[in-house]
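The chain contents come next:
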Amino acid sequence: MSRPEKIGRETKPVIPAQAGIQFSKTFFKKRFTGWIPAFAGMTVLAAFSSALSAEPKISASVSATELTMNDSITLKIDIQGVQRIDSMPNLQIPGFVVQPAGQTQSYQWVNGQTSSLISFNFVLTPTKTGSIQIPSLTLSIGGQNYSTEPINVNVTQGNASSPPAGTQAPPETSNMNIPTEGLKPVFMTAEVDKPRAYVGEEILLSVKFLRQPGLQFAAQPQYSQPEMTGFLTEPLKQQEYTSSIQGVPYIVTELRYALFPTSEGDFAIGSAQVELAVHTQGNPFDANSFFQSFFGRTQQLTLKTRPIPINIRALPKDKPDNFSGAVGRLKLTAKTDTTEFEVGKPFNLIVTVEGKGNVRALKEPFLPPVNALKRYESISNSTVNNDGKYIFGKKEFKILMIPQVSGQVVIPAVEYVSFNPEAHHYITDATPPITLSVKPGTKTVDEKQALTQVPLGQSQEGVRVLEKDIRFLKTGRIKPGKPPLYWRQLFLMANAIPFIFALGAFIANWQYQHRTLFAAHYRSRGALRKALKKIKKARGLMAALDPIPFYGLLYSSLAEFLADKFGISASGMLWEDLEKRLSEKGVDEESRAIIRNIWEEADMVRFASSTFDQVAKQNSLQKTENVLVKLNRVL
Amino acid sequence: MNMKQAYKNIFIAGLFLASFAIGAFCASSPGPQDVFLQANQAYEKGDYDTAINLYLGLAGKGFEGVSLYYNIGNAYYRRGERGPAILWYERALRLDPRDSDIQFNLRLASNHLKDERESILNRMTLFLSAGELGVLFSLVWWAFFILLGCLVLGWLKGELWPGLSLWSLGTAGVCLGIWLGANLFLINQPIGIVIKAPGEVRNGPGQEYAVGFTVPEGTKVVVLNRRPDWVEVGVPQQGLKGWLPSDEIEQI
């Protein structure tokens, strides 16, 4: 249901929108009756003379023009410039059930000018849906006809489960705090939706001012809102509706506040207060009734609500790092205000936090730095609304950014941490990263600045580090882990080779040196082996027809053996000399004879062409071999 | 067909099936290089948890390599865990001490730490890896002994250069040997990295002991002693030592 006028922080009742309506002549008549005390009478008479001289004005208003079948609206009829109405007008409006809801009368005296205002209230309950017109009525006052404009009201079926947002539905009257001393014609209450809350969590405070329809105010009631120290306060929509309490009809004016605790601890919401003056009932047909009610039958009242204790809990300690105190059910979105990005061309990143909670107090979400973008201070803008119970809305943060490089630039995820008091835990909401395709600009911002400073023909360009990040992955091959190379057996064995080689070289060299130094010894030691080799060779030649090679080998084996043993040259060796040496060495006669015999046989074959049969050859061979072995032992 | 022939046929068929099954299994199960590539892909998609699991799986199976260790360090860094990132960069640096990427990332990962640079001598000693020094030493060793052998055998002609070469190689070999020894000494030092914050070093091996000092995540400390759940560590630069829970430190 829409309201004709927005309710702000005003504590005084609001005058509804005006719409004219006219009544029949019999509804009222002007009266100037009663005895007037001297001083006051003169004054009031002057005032009423002034009021009488004014043109009567009749107007009407409805509290809402949009309502559902579950709703009711108040029709208020204001009549200015008349002092008395005998009885409430009897209205018949097709499409509505009309119930009278009381009459009020007030006077104003400003700068010597007096005006009177009589108001009639009616509660209209629709009986059908659609556009219903409250018809124009014509009223004759002092022979003059006054007409009101018709009022169109739109009635919809509505949702039975959702409470009306307008003024007429009586919300939660069953839970209304009724004064302990019993029902009174006028009283007020205050209540909260929860006695315990977290810091920053919304608490709904409802202050109700209830009056019976017939009650007349002598003056505008003065409302003082309760003391709400320790809370941020956000007034919600003011509501006015009728309600029945224990069968007694009441007009309820309800003021609601959304309270946001600022710190933990025990607090109290103070008393709300209304000061008012009411007329007590008098005889309307008594000639002194007006003055009785004006001077003698007005009762001054002060209504107060009871203070309400509230316990405020601290938020849980496991606060995430980026938590900035936001409490409520909040959602985060982020977008850019353009899709075309260019180096050096500014754009806005718009980060919006939206949801239920104290939207005005929300702080800027955390945005990780992006070196490829130059960032400036953000501008925030809040849109706050309420549904009569909860504060909701959104807060936009516009962050001005200027791309510094071309290519793909990623604005990382923006994170926002809030505490959800219903779920009792912190919730981190994050936007997806935004990838920008930045086109190369004509010049970067820095380049533009540089151009103004550097003379033409000179360049001061250099590498600019925009973002220091770790280097990318490596894609080399992986391999099974092995011991280090220097511990592997093959490596160690391979390294032994050059050492062995060098060692061998040393040994070889030593041997060589040794052999050189002790050549005679080595010659003597190897004499038999050399001689036996020749004997072996000679044995192979034994069957040959030519005996020369055979006997040549026998001779040389003996000669070289003896030469090696005596350390002399084998060539040109003389028997006499040889025999002398053999004798000196102790070689026996027999052996010497054998040597001589073989020596001669070889000479005979070589120089006299003598022939020897196989047996002789075998014999010579055997003797030579035996004597060599024997000599080797002696020499 | 007699029984012997039948058994033989069954055995051959079984062998064939088994070899087929093994072949199919090998073809279906990804090799270590494939797993490594999968981990790289996960990293590139920003799935660092999966990447780390796959990398660590490979490392746990005994695979190694500069790329593997370096990539593990990168994945940890991306996940915001500087301690393990530094640990794996250090391990990669052991394999390739002059890799500029590893050095760069290690510097970046350590930029929250107070700049306590290693001594020049240490840096020089670790300029070459032990493997490289081993190969160099081996080459000099070979050259020296081959030259020596040839010289002894008299295979080299010339009066001055063989001796000079031999002397040079010998000197180089001694230097390289000392270098390798020093390198092995340093890399076999029980150095650990604090892999978890806050690194509260206590005065004894237990929670009941007071916190003596704190070390930030990624700090290099010397492991002095080990107990089942506690490790005694030292910070030589400050002359401090104390005990850390064993799950907060890992040896390089």
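Rules of the game
- Residues numbered from 1 in each chain as written.
- Chains lettered and ligands numbered in written order.
- Predicted model: local features only at pLDDT ≥ 70, side-chain atom pairs only at ≥ 80, totals over all residues.
- Helix = DSSP H or I, 4+ residues; strand = E, 2+ residues; numbered from the N terminus.
- Buried ≥ 20, exposed ≤ 12 C-beta atoms within 10 Å, placed from the backbone.
- Contact = placed C-beta atoms within 7 Å.
- Pairing = 2+ DSSP bridges.
- Axes fitted to C-alpha atoms, helices over the stretch in contact; angles between N-to-C directions.
- pLDDT = per-residue confidence, 0-100.
- Nonpolar A, V, L, I, M, F, W, Y, C, P; charged D, E, K, R; others polar.
- Expected span 1.5 Å × (residues − 1).
- Parallel < 35°, antiparallel > 145°, perpendicular 65-115°, else oblique.
- Left-handed = near helix turned anticlockwise from the far one by under 90°.
- Arc of directions from axis to C-beta.
- Core = buried A, V, L, I, M, F, W, Y, C linked by C-beta atoms within 7 Å.

What chain B contains, in helices and strands, is nine helices and eight strands. Counting every position in chain B, which comprises 252 residues, the buried fraction comes to 33%. Of the contacts formed within chain B by residues at least 6 apart in sequence, a portion of 55% connects residues at least 24 apart.

Here we take up the overall build of chain A. Secondary structure summary: chain A contains ten helices and 31 strands in total. Out of the 635 residues belonging to chain A, those deemed buried represent 30%. Intrachain contacts of chain A at a sequence separation of at least 6 include 74% that bridge at least 24 residues.

What follows concerns the sheet that holds strand β22 (residues 328–336) of chain A. Residue and element names in this part refer to chain A. Strand order in the open sheet made by the four strands is β22-β24-β26-β25, with antiparallel pairing throughout. Both outer strands of the open sheet, β22 and β25 (373–386), are each paired with one neighbouring strand and no more. Each neighbouring strand pair of the sheet contributes to a mean axis angle of 15°, computed without reference to strand direction. Bridge count for β25 against strand β26 (residues 391–403) is twelve bridges, and the pairing is antiparallel. Note on β26: the bridge partner recorded for S380 is F397.

This part covers the sheet that holds strand β9 (residues 151–156) of chain A. Note on sheets: strands pair through backbone hydrogen bonds, and any given pair is parallel or antiparallel. All names here are of chain A. With respect to topology, three strands assemble into an open sheet ordered β2-β9-β6, the strand pairing being mixed. Edge positions in the sheet fall to β2 (66–68) and β6 (130–134), since each of these pairs with one other strand and no more. When the angles between neighbouring strand axes are averaged without regard to direction, this sheet yields 30°. Note: β2 against β9, three bridges, orientation parallel. Note that in β9 the partner of L67 across the bridge is V155.

In this section: the confidence of the model for chain B. Close reading of the predicted structure is inappropriate where its pLDDT is low. Residues and elements named next belong to chain B. Here chain B averages 87 in pLDDT, and 94% of its residues register 70 or above. Element-level mean pLDDT values for chain B span from 69 in helix α1 (residues 3–28) up to 94 in helix α4 (residues 66–78). Across the interface, the model reports ipTM at 0.75; the global pTM reads 0.45.

Along the chain, K565 of chain A falls in helix α7 (residues 547–566). When the C-alpha positions of K565 of chain A and R525 of chain A are compared, they lie 8.0 Å apart, and in sequence the two are 40 residues distant.

Each partner contributes to the interface: chain B provides 34 residues, whereas chain A provides 26 residues. Elements with a contribution of two residues or more to the side of chain B that touches chain A: α2 (32–44), β1 (63–64), α4, α6 (100–109) and α8 (130–153) of chain B. A per-element tally of the side of chain B that touches chain A places α8 of chain B first, with 13 residues. In terms of residue class, the side of chain B that touches chain A is made up of 20 nonpolar, twelve polar and two charged. Relative to β1 of chain B, strand β31 (residues 479–480) of chain A runs antiparallel, the two being bridged by two bridges. Following the sheet pairing, P480 of chain A is matched in β1 of chain B by F63 of chain B.

This part covers the confidence of the model for chain A. All names here are of chain A. Per-residue confidence for chain A gives a mean pLDDT of 76; residues scoring 70 or more make up 75%. Below a pLDDT of 50 lies the segment residues 160–174, which in the model reaches 39 contacts outside its immediate sequence neighbourhood of four places, other chains included. Across residues 447–459, where pLDDT falls below 50, the model places three contacts with residues more than four positions away in sequence or in other chains.

With respect to the secondary-structure elements, N509 of chain A resides in helix α4 (residues 489–517). The contact partners of N509 of chain A, leaving out residues within four places of it in the chain, are V152 and L153 of chain B.

Looking now at helix α5 (residues 82–95) of chain B. All names here are of chain B. Taking 1.5 Å of rise per residue, the 14 residues of α5 would be expected to cover 20 Å, and the 20 Å separating its terminal C-alpha atoms lies within 8% of that figure. Of all 14 residues in α5, twelve are buried, a share of seventy percent or more. Residues R82, G83, P84, A85, I86, L87, W88, Y89, E90, R91, A92 and L93 constitute the buried set of α5. Where α5 is buried, its residues contact α4, α6, β2 (191–194) and β8 (249–251).

On to the packing of α4 of chain B against α6 of chain B, then. Residue and element names in this part refer to chain B. Between α4 and α6, the shortest axis-to-axis distance is 11 Å and the interhelical angle comes to 25°. Here α4 lies roughly parallel to α6, going by the angle between them. Both α4 and α6 take part in a crossing whose hand is left-handed. On α6, the residues that touch Y70, G73, N74 and Y77 of α4 are D101, I102, N105 and A109. Residue classes in the contact of α4 with α6 are distributed as four nonpolar, three polar and one charged.

We now examine the packing of α7 of chain A against helix α10 (residues 614–634) of chain A. Between two packed helices, what matters for the description is the angle formed by their axes and the separation of those axes. All names here are of chain A. Where α7 meets α10, the axes come as close as 11 Å, and the angle between the chain directions of the two elements is 10°. The pairing of α7 with α10 is recorded here as roughly parallel in orientation. Taking contact as the criterion, the partners of P547, F550, L554, S557, L558 and F561 in α7 are, on α10, K617, S620, L621, T624, L628 and L631. Looking at the contact of α7 with α10 residue by residue, the class counts come to eight nonpolar, three polar and one charged.

Let's shift gears to helix α6 (residues 527–541) of chain A. Residue and element names in this part refer to chain A. Across its 15 residues, α6 extends 21 Å between first and last C-alpha, which sits within 8% of the 21 Å expected from 1.5 Å per residue. For α6, the complete set of buried residues consists of A527, L528, A531, K534, I535 and A538. One face of α6 carries all of its buried residues, which in axial projection span an arc of 125°. Away from the buried face of α6 by more than 90 degrees, exposed residues R529, K533 and G540 are located. Of the surrounding elements, those touching the buried residues of α6 are α5 (519–525), α7 and α10.

So, about the nonpolar core. Nonpolar side chains in soluble globular proteins tend to end up buried together. With 59 residues, the main nonpolar core has M188, L205 and L259 of chain A as its most contacted residues. Broken down by element, this core gets its largest block of residues, eight residues, from strand β17 (residues 248–261) of chain A. Every residue in contact with L259 of chain A, bar those within four places of it in the chain, is listed here: I203, L205, M228, F231 and T233 of chain A. One finds I478 of chain A together with Y55, V215 and W230 of chain B within the second-largest nonpolar core, a separate group that totals 40 residues.

This paragraph deals with the environment of I86 of chain B. Residue and element names in this part refer to chain B. Inspection of the secondary structure puts I86 in helix α5. Overall, the presence of 26 C-beta atoms within 10 Å leaves I86 in the buried class. Each C-alpha atom of the pair I86 and K220 lies 9.2 Å from the other, and the pair is 134 residues apart in sequence. Filtering out sequence-adjacent residues up to four positions away, I86 remains in contact with L106, A109, S110, I193 and G218.

In this structure, H424 of chain A takes a positive phi of about 60° despite not being glycine. Residue H424 of chain A is classed as exposed on the basis of its C-beta count, with 11 C-beta atoms lying within 10 Å.

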